[in-house]
Structure formats: structure tokens, C-alpha cells
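Each chain, written out:
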Amino acid sequence: MGFKCAIVGLPNVGKSTLFNALTRTAAAQAANFPFCTIEPNIGEVSVPDERLEIIAKIAQSKEVLPARLNFVDIAGLVKGASKGEGLGNQFLANIRETDAIAYVLRCFENPDIIHVNAKIDPVADAETVETELMLADLESLEKRVGGLEKKLRGGDKEAKMTMDLIERTTKVLEQGLPARKVERTDDEEKPFKELQLLTSKPVLYVCNVDEGSAASGNEMTKRIAKYAADNEAVMVIICAEIEAELAQLDDEEQTEYLQTLGLETAGLNKLIQQGYELLGLQTYFTAGPKETRAWTINKGTKAPGAAGVIHTDFQRGFIRAQTIAYDDYVAFNGEIGAKEAGKARDEGKEYVVVDGDVMLFKFNT
């Protein structure tokens, strides 16, 4: 599934360095001047999940295939982007195609790296980015009104719902709040998503810190933690320089390096996992001698929809799904042991898949 999380922020905050480390490539040019990233770079990353190797070992699989997530490195935004300043129009078009947004915020001092506003203030930086997105959303909503007027005169119920959403969302945006703050019913979710508003997307704040602050953060990250809580968002602390060095090491060397820094895990792993969570995703597994594989689905997906991720024929001809909870799969040493213990269940079309389920689908072709 092609889920995309945008990496955005002002110029020179460490976006491209972070992206390079994420993808373990030098695909994104990192340089100390604005707009060094013009075309968005897309990197597919593996989602860290310790359960995968454990299942594979029990199943004695030849191959191990993790879940994947796409990160998109987008050109640095500047004040006035909503009016086309800098690379504004391109920036906004690129971010509109993603499912969530990770704001990279500079939370370190370094006189050798210029700041576009000549002042280090991560909260102000976050507000600059959010304001430009809100202004773009207001303009987008204004353009939609004209196209709805004819349908409204004809008594179209969907048009009435959409117009009501537009009016309520406009009020929220004019108060300086993102569109995700708009209260809406379940019936309104679909038309709300169709508005394609930039500030309706879930947000993750990524605090890029110096090496000394990687383990516990600093005063700037504390401010962002409060800002994130106030904005119904989450945050993660990362040192892009450390992550860039880790990306050049093998697994054993990474572990040793992290220990010397007093870090339990790489910051990028936390970023990927938070991005996965932010998108409302979860994982189920298939396992056998050939391969153990992690499959990505939306939370709340029923068994036939989960089967369809493997192949549309699986969903179309779905009969049932043999399902073993991850803990049971491990506790009883795989499928045979789980069956003998009565822990392998046959689930039908209404079963909502649980994160970590090990599944085998039965279907008609």
C-alpha cells in the first residue's frame, strides 16, 4: 500500500540530511543554502518490527519481508508560500499528494548553518509552516464555493453537506486553527476528506537536535512538546547528524555506537514507527517456509480487506481466515502448536483484524 508521509519544514533545518539517513542513500542533495531540494524525493523504508524476525525464526522462513512506508522530502517552505513565494506552489502541490506531514524543526544552535529567519525558534518555524498551509486551505475552499452554488439551488443534499463543512472549516481556519480541529460526524468524514485540505492531515513534529541533546532533548524540544500537545499532534526527538552516521554502519556497529551515546534505539526507528502510527496503520503477518511477511492495513480493516492487500482475488473469493494472535503463535511455537492448543481460529467476513495477527486466507478463485 502506497502510504506517504511528507517531510516538510523551513530551509536548512535538516530535512534532506534526515531523508538521506532514512533511505540510506544520498538521493537528496543536502547543502547549506535554501531550495537545494527542488523536486520531491521519495524514499521507501522498512518499518522496524521485532515481531517479524521472531515469527520468521519459528516458521523457518527463507525470506523476511517487512512492511514499507514512503517518506517524501519536499522543498523548503518560506513565508508567503501560499502566494507562490519561493517554491510555494510546487511545495503545496507535492504535500497535497501525501497522507500525513512530518514537520522537521531546528532545535539546535550552530552559527555555521544559516537560518532563513536569522533566529532559532522552532515554535515560530512550526507556526510559519502551518500558517502557510492554512492560507492555502482558505483559498482552496473559496474556489470550491462557486462550483457548489448551482447544485445548492437544485436542492442537492450532498452539496448542502459540503457547503456546511466549508463554512465551518473556514471559520476554524480564520481563527488560526488547522482544519483537523473541525468537529464532524461519521457521515461527514468522506466529504471532508474530498476537500483535500492540507491542514486536515495528521501531523508529527520532528525535533532535530545536536548530539548532546539526542537522549533527553533540550529547552527547545520542551516547548515543541507543549506545542504538539496543544495541537493534537505528536513529537519525536532526532539528531540528524547521528542518524546520518548510523546509516553508514552495519547493525552491530550501530548498536555499539548507540550505546556510547546512551541511546536505546535509533531516532529514525522512532520516526518511522510514529509515522506508521500517525497514518492509522497496523500490521498483520503471513508465515511459512518460503517467507514471513508483514502486511500493512488501516486500523479497523476487516478480514476480506486484509486479504485484498495480498491480491484482489483473495478478497473477491474470501471464505475465511485462519487467525492466530501473535502472542499465541510465539507461545505455542508456530501454527501446528497453536492449532493443537486450540488457538488457531477461523474468522469470517466481519472479523476486524488485530495488530500482530498471523493469518492464512481460504478463498475461491
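Residues numbered from 1 in each chain as written. Predicted model: local features only at pLDDT ≥ 70, side-chain atom pairs only at ≥ 80, totals over all residues. Heavy atoms only, no water.

**Student:** Tell me what's going on with the sheet that holds strand β1 (residues 4–8), and back it up with residues and numbers.
**Tutor:** Pairing within the open sheet is mixed, and its 6 strands lie in the order β2-β4-β1-β5-β6-β7. Here the strands that pair on one side only, and so sit at the sheet edges, are β2 (41–46) and β7 (234–238). Each adjacent strand pair in this sheet contributes to an overall mean axis angle of 25°, direction not counted. Note that β1 and strand β5 (residues 100–106) share 4 bridges and pair parallel. Of the residues in β5, the one forming a bridge with Ala6 is Ile101. This element, helix α1 (residues 15–23), spans β1, β2, β4 (68–73), β5, β6 (203–208) and β7 of the sheet and lies at about 40° to β2. Against the sheet, helix α10 (residues 267–278) engages β2, β4, β5, β6 and β7, with an angle of about 165° to β7. (Pairing = 2+ DSSP bridges. Helix = DSSP H or I, 4+ residues; strand = E, 2+ residues; numbered from the N terminus. Axes fitted to C-alpha atoms, helices over the stretch in contact; angles between N-to-C directions. Contact = heavy atoms within 4.5 Å.)

**Student:** Any chance you could break down the side chain of Thr296 for me, citing the residues and the numbers?
**Tutor:** Structurally, the position occupied by Thr296 is in strand β9 (residues 291–298). You can call Thr296 buried: its relative accessible area is 6%. Within the structure, Thr296 has its side chain in polar contact with the side chain of Tyr276 (distance 3.1 Å). (Buried < 20%, exposed > 50% of the residue type's maximum accessible area, 1.4 Å probe, protein only. Polar contact = N/O pair within 3.5 Å; in protein donor to acceptor, adjacent residues only side chain to side chain.)

**Student:** Please set out helix α9 (residues 251–261) residue by residue, giving values where relevant.
**Tutor:** Inspection of α9 places Gln254, Tyr257 and Leu258 among the buried residues, and these make up the whole buried set. Mapping the buried residues of α9 onto a view down its axis gives an arc of 100°, with all of them on the same face. For α9, exposure combined with an orientation more than 90 degrees from the buried face picks out Glu252, Gln259 and Thr260. Each element contacted by the buried residues of α9 is listed here: α8 (240–246). The residue sitting at the N-terminus of α9 and contributing the capping side-chain oxygen is Asp250; that oxygen lies 3.2 Å from the backbone nitrogen of Glu252. In the segment just after α9, Gly262 is the residue with positive phi, at about 75°. (Arc of directions from axis to C-beta.)

**Student:** Mind laying out the confidence of the model for the protein chain, listing which residues take part and the relevant values?
**Tutor:** Residue-level pLDDT values for the protein chain average 85, and 88% of them are 70 or greater. Mean pLDDT per element in the protein chain: helix α3 (residues 88–96) is the minimum at 70, and helix α13 (residues 326–331) is the maximum at 98. Within the model, the stretch residues 25–39 combines pLDDT values under 50 with 42 contacts to residues more than four positions away or in other chains. Considering only residues more than four positions removed or in separate chains, one finds that residues 84–88, a stretch of pLDDT under 50, has 11 contacts. (pLDDT = per-residue confidence, 0-100.)

**Student:** Pulling in residues and values, what's your account of the packing of aromatic side chains?
**Tutor:** A complete count under the given rule lists 5 aromatic pairs for this structure. Between the aromatic rings of Tyr284 and Phe361, the centroid separation amounts to 5.8 Å while the plane-to-plane angle is 85°, which identifies the pairing as edge-to-face. Highlighted residues: Tyr284 in strand β8 (residues 281–287) and Phe361 in strand β12 (residues 358–363), separated in sequence by 77 residues. Taken together, the ring pairs connect Tyr103, Tyr205 and Tyr227 into an aromatic cluster. Seen from the ring of Phe192, Arg184 lies directly overhead, with NZ or CZ sitting 4.0 Å from the centre. Taking the ring centre of Trp295 as reference, the NZ or CZ of Arg293 above it sits at 4.1 Å. (Phe/Tyr/Trp six-rings, centres within 6.5 Å; stacked < 30°, edge-to-face > 60°. Lys NZ or Arg CZ within 6 Å of the ring centre and 35° of its normal.)

**Student:** An account of the pairing of β1 is needed here, citing residue identities and associated values.
**Tutor:** Counting buried positions along β1 yields 4 of 5 residues, so the element is predominantly enclosed. Of the pairings in the sheet, the one linking β1 to β4 comprises 4 bridges and is parallel in character. Pairing of Cys5 across the sheet is with Phe71, part of β4.

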